[in-house]
Amino acid sequence: PRSNVVVTPVTLRAAFEGAFLIGAALNAAQFSGRDTVGATLVRAQFNTTTSENVLKWQAVHPLPGTYDFAAADRYVAFGERNGMFIVGHTLVWHKQTPSWVFQDSSGRPVSRDTLLVRLRDHIHTVVGRYRGRIRGWDVVNEALNEDGTLRPTPWLQIIGEDYIAQAFRFAHEADPDAELYYNDYSLENAPKRSGALDLVRRLRNEGVPIAAVGLQGHDRMDWPTPAQQDSTVAAFAALGVHVMITELDIDVLPPDLNPYPDSLPDSMQQALAQRYAALFAVYLRHADAITRVTFWGVSDGSSWLNNWPVRGRTNYPLLFDRLHRKKPAFEAVVGVAQQAAAR
Ligand code: G3I
């Protein structure tokens, strides 16, 4: 007899069910109806979303006393319509923050007290607006130098070291149920990692409500090694916080060159697939600690890596190509999940 069984293709969200949430960073293209194919892909493949740009200070709070939530509202509505675990990115950062934040009306640096009032107002307004809807926040982003010391941002210089703890406290006041994260890159490198471990330890000792550390995961083909990734996840998990891979992508281009303007050679596709498989094998081994893995973008065409560190290159960092089709890396990642589930 003929069977009418329809084979449903495996999705990322189904493959990692029970291990961790799997998501992507979104921009207006996906949640404002401009890129309907991309939006359909997001709905099918992911169960969590992060705002790539629309919740940054510059976007929601461009001028003193002026908030603009038009794009952010659409981002949150898209997540709600599609049952996503919605993440907000980011409350405190040194980039994409207007300079007026740190200045008085004559352009001089404001006092610690004034900046704390501004920080509290911003966090209360933004987190409060989406209370109970945005479920997790990157509260502080990239506060560390490569040597593990605190980055000399206006936040640090004007408020002092406690700006980080204060930001977490303000966010907790605004939404006591939201998960609060510290998010940074290159934490797989020993000096920065040890600075971040110290920071998290200090925050925990002071009773600051930090739920997880976000390892951004802007990776390369040869960095971090699976061993570096493994020991880094283990080190943070040992402090009792969850770990998240928050901005995953793999830069396949050599510095300054644009060698594949038309397509990625097969050998590179396969190497990228193996590289992704090796990383996901590490994540799955740590599925107790890792609660979420989020890609920084949906498909290759919308990745920031097409414009950094050089503008206008053609990069291939994600699991879906420029036409939103699955790449060999997609199959490799799903394969690792299926092997782990079979064990
Ligand atoms: O919106 C304007 C658009 O109107 C204009 O035509 C265009 C021309 O340059 O620029 C657009 O703004 C750009 C914006 O992305 C939206 O595409 C900015 O120039 C560009 O600087 C901005 O880059 C973002 C970057 O953060 C800013 O630092 C990237 O999209 C975003 O992926 C990136 O994300 C960061 C995370 O927040 C933190 N971790 C690192 C990660 C990658 O840098």
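Residues numbered from 1 in each chain as written. Predicted model: local features only at pLDDT ≥ 70, side-chain atom pairs only at ≥ 80, totals over all residues. Heavy atoms only, no water.

Q: Hey, could you run me through the site of the ligand in this one?
A: Contacts to the ligand come from 15 residues, most closely from Glu52, Lys56, His89, Glu142 and Glu247. Side-chain polar atom of Gln96 to an oxygen atom of the ligand: 3.4 Å apart, as the coordinates give it. A distance of 2.7 Å separates a nitrogen atom of the ligand from a polar side-chain atom of Glu247. Here the ligand, which alone exposes 790 Å², has 51% of that area covered by the protein. The residue inventory of the shell around the ligand, partitioned by class, reads three nonpolar, six polar and six charged. (Near = heavy atom within 4 Å. Polar contact = N/O pair within 3.5 Å; in protein donor to acceptor, adjacent residues only side chain to side chain. Areas by Shrake-Rupley, 256 points an atom, 1.4 Å probe, with all protein chains shown as cover. Nonpolar A, V, L, I, M, F, W, Y, C, P; charged D, E, K, R; others polar.)

Q: Looking at this structure, how should I read the environment of Val92?
A: Here Val92 shows up in strand β3 (residues 85–92). For Val92, a relative accessible area of 1% translates into the label buried. Put simply, Val92 and Ala167 are 75 residues apart on the chain and 7.5 Å apart in space, counted from C-alpha to C-alpha. Other than its neighbours up to four places away in sequence, Val92 contacts Leu119, Ile123, Val139, Val140, Asn141, Trp155, Tyr163 and Ala167. (Helix = DSSP H or I, 4+ residues; strand = E, 2+ residues; numbered from the N terminus. Buried < 20%, exposed > 50% of the residue type's maximum accessible area, 1.4 Å probe, protein only. Contact = heavy atoms within 4.5 Å.)

Q: Where do I start with helix α5 (residues 70–81) in this structure?
A: Helical geometry note: an α-helix holds 3.6 residues per turn, so side chains three or four residues apart project in the same direction. Helix length check: α5, at twelve residues, gives a terminal C-alpha distance of 17 Å against a target of 16 Å (1.5 Å per residue), a fit within 8%. Burial in α5 covers these residues: Ala72, Tyr75, Val76, Phe78 and Gly79. One side of α5 holds all its buried residues, which, seen down the axis, span an arc of 155°. Each element contacted by the buried residues of α5 is listed here: β1 (21–26), α2 (28–31), α3 (36–45), β2 (48–51), α4 (57–60) and β3. Where α5 ends, the next residue or the one after it, Gly83, has phi of about 65°, a positive value. (Expected span 1.5 Å × (residues − 1). Arc of directions from axis to C-beta.)

Q: Please explain the environment of Met244 as it appears in this structure.
A: Positionally, Met244 belongs in strand β8 (residues 242–251). Along the chain, Met244 and Met84 lie 160 residues apart, while their C-alpha atoms are 16 Å from each other. Beyond its immediate sequence surroundings of up to four residues, Met244 is in contact with Glu179, Tyr181, Ala212, Val213, Gly214, Leu215, Thr291 and Arg292.

Q: Teacher, can you tell me more about unusual backbone geometry here?
A: A negative phi holds for most residues other than glycine; trans holds for most peptide bonds. Residue Thr90 follows His89 across a cis peptide bond; omega there is 0°. Looking at the element boundaries, Thr90 is found in strand β3. Looking along the chain, the bond that leaves Trp308 and enters Pro309 is cis, with omega of 0°. Unusually for a residue other than glycine, Glu142 sits at a positive phi of about 60°.

Q: What should I look at first to understand the pattern of salt bridges in this one?
A: Should their charged atoms come close, side chains of opposite charge can pair. Applying the stated criterion across every chain, the model contains twelve salt bridges. As a salt-bridge pair, Glu173 and Arg120 come within 3.9 Å of each other at their nearest N and O atoms. Here Glu173 is found in helix α8 (residues 163–174), whereas its partner Arg120 is found in helix α6 (residues 112–129), with 53 residues between them in sequence. For Asp300, the salt bridge identified is with Lys327, shortest N-O distance 2.8 Å. Taken together, the residues Asp300 in the loop between β9 (290–295) and α12 (328–342) and Lys327 in the loop between β9 and α12 connect sequence positions 27 residues apart. Assessed through its relative accessible area of 1%, Asp300 is described here as buried. A relative accessible area of 3% means that Lys327 is categorised as buried. Via salt bridges that share partners, Glu146, Asp184 and Lys192 belong to a single interconnected network. (Salt bridge = Lys/Arg side-chain N within 4 Å of Asp/Glu carboxyl O.)

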